[in-house]
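# Tertiary structure, described
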Amino acid sequence: EAGVVQSPRYKIIEKKQPVAFWCNPISGHNTLYWYRQNLGQGPELLIRYENEEAVDDSQLPKDRFSAERLKGVDSTLKIQPAELGDSAVYLCASSLEAGEGNNEQFFGPGTRLTVL
Amino acid sequence: AQSVTQPDIHITVSEGASLELRCNYSYGATPYLFWYVQSPGQGLQLLLKYFSGDTLVQGIKGFEAEFKRSQSSFNLRKPSVHWSDAAEYFCAVGGYTGFQKLVFGTGTRLLVSP
């Protein structure tokens, strides 16, 4: 079974440029998460989707970040414009469904963003 | 709000020696607790989880962890470390919804010496 797929794996851009990350969750997983992991830190949740609905985006900096999950499958996270402080690893995860109990999150390998 | 503290930024252990990684959590009720491992260039992989019941939980790759409510701890242990265990280890706490809202610690990097 294929895991969570993310692309690109690495991205280097100049500040003020736009950037987008793509995530393909495990087939059949209704819940999708985007995390940001700063250097030397643990992942922090940015947004969680239940199917195509964003149900928790309280940590998403909405002035420059946006996300979408059309048709409740693949998802794209966008930053426009990027700032130096956005340099981090962006992780995507998916689970069968959110809710109480044993709904393990499976993580992708992440996209490492460097903003110059 | 829940929080997690991993007091050791990095630990070096000799191959074959035992390992214990510390994790302390803060949460107002019975927490859901997790340990993840992250190898370079890889996503996070779940090692084990505690939801309820037996406070000593077994995970993959020979790891185990013990939930101690009185100490607000969930330390990870392995009796004999292998070189392939070198990685970053993250403790995480979930609220009453389990996996739904994970808060991670800052991680402990494990180095394994020959």
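Right above here is the structure, for reference.
What you are looking at is a predicted structure, and each value in this text was computed from that prediction instead of being measured.

The rules we used
- Residues numbered from 1 in each chain as written.
- Chains lettered and ligands numbered in written order.
- Predicted model: local features only at pLDDT ≥ 70, side-chain atom pairs only at ≥ 80, totals over all residues.
- Heavy atoms only, no water.
- Helix = DSSP H or I, 4+ residues; strand = E, 2+ residues; numbered from the N terminus.
- Rg over C-alpha atoms; globule rule 2.2 N^0.38 Å.
- Buried < 20%, exposed > 50% of the residue type's maximum accessible area, 1.4 Å probe, protein only.
- Contact = heavy atoms within 4.5 Å.
- Disulfide = S-S within 2.5 Å.

### Quick word on the overall build of chain B
In terms of regular secondary structure, chain B is built from zero helices and twelve strands. Counting from the amino terminus, helix and strand elements in chain B follow one another as β-β-β-β-β-β-β-β-β-β-β-β. Its C-alpha atoms give chain B a radius of gyration of 13 Å, within 12% of the compact-globule value 13 Å for 114 residues. Counting only C-alpha atoms and orienting by the principal axes, one finds that chain B spans roughly 40 × 30 × 20 Å. Counting across all 114 residues of chain B, residues that qualify as buried make up 49%. Taking as baseline every contact in chain B between residues at least 6 positions apart, the subset at least 24 positions apart corresponds to 56%.

### Details of the state of the cysteines
Inspection of every chain in the model, using the stated rule, returns two disulfides over all chains. Covalently, C23 of chain A is tied to C92 of chain A through a disulfide, its sulfur atoms 1.9 Å apart. Of note, the bridge from C23 of chain A to C92 of chain A carries an S-S torsion of about -70° and is left-handed in sense. Of the two residues, C23 of chain A is situated in strand 3 (residues 19-24) and C92 of chain A in strand 9 (residues 88-95); the sequence distance between them amounts to 69 residues. Judged on exposure class, the residue C23 of chain A and its partner C92 of chain A are both buried. Residue pairing for C23 of chain B: its cysteine sulfur links by disulfide to C91 of chain B, the two sulfurs lying 2.0 Å apart.

That's the geometry; what it means functionally is another story.
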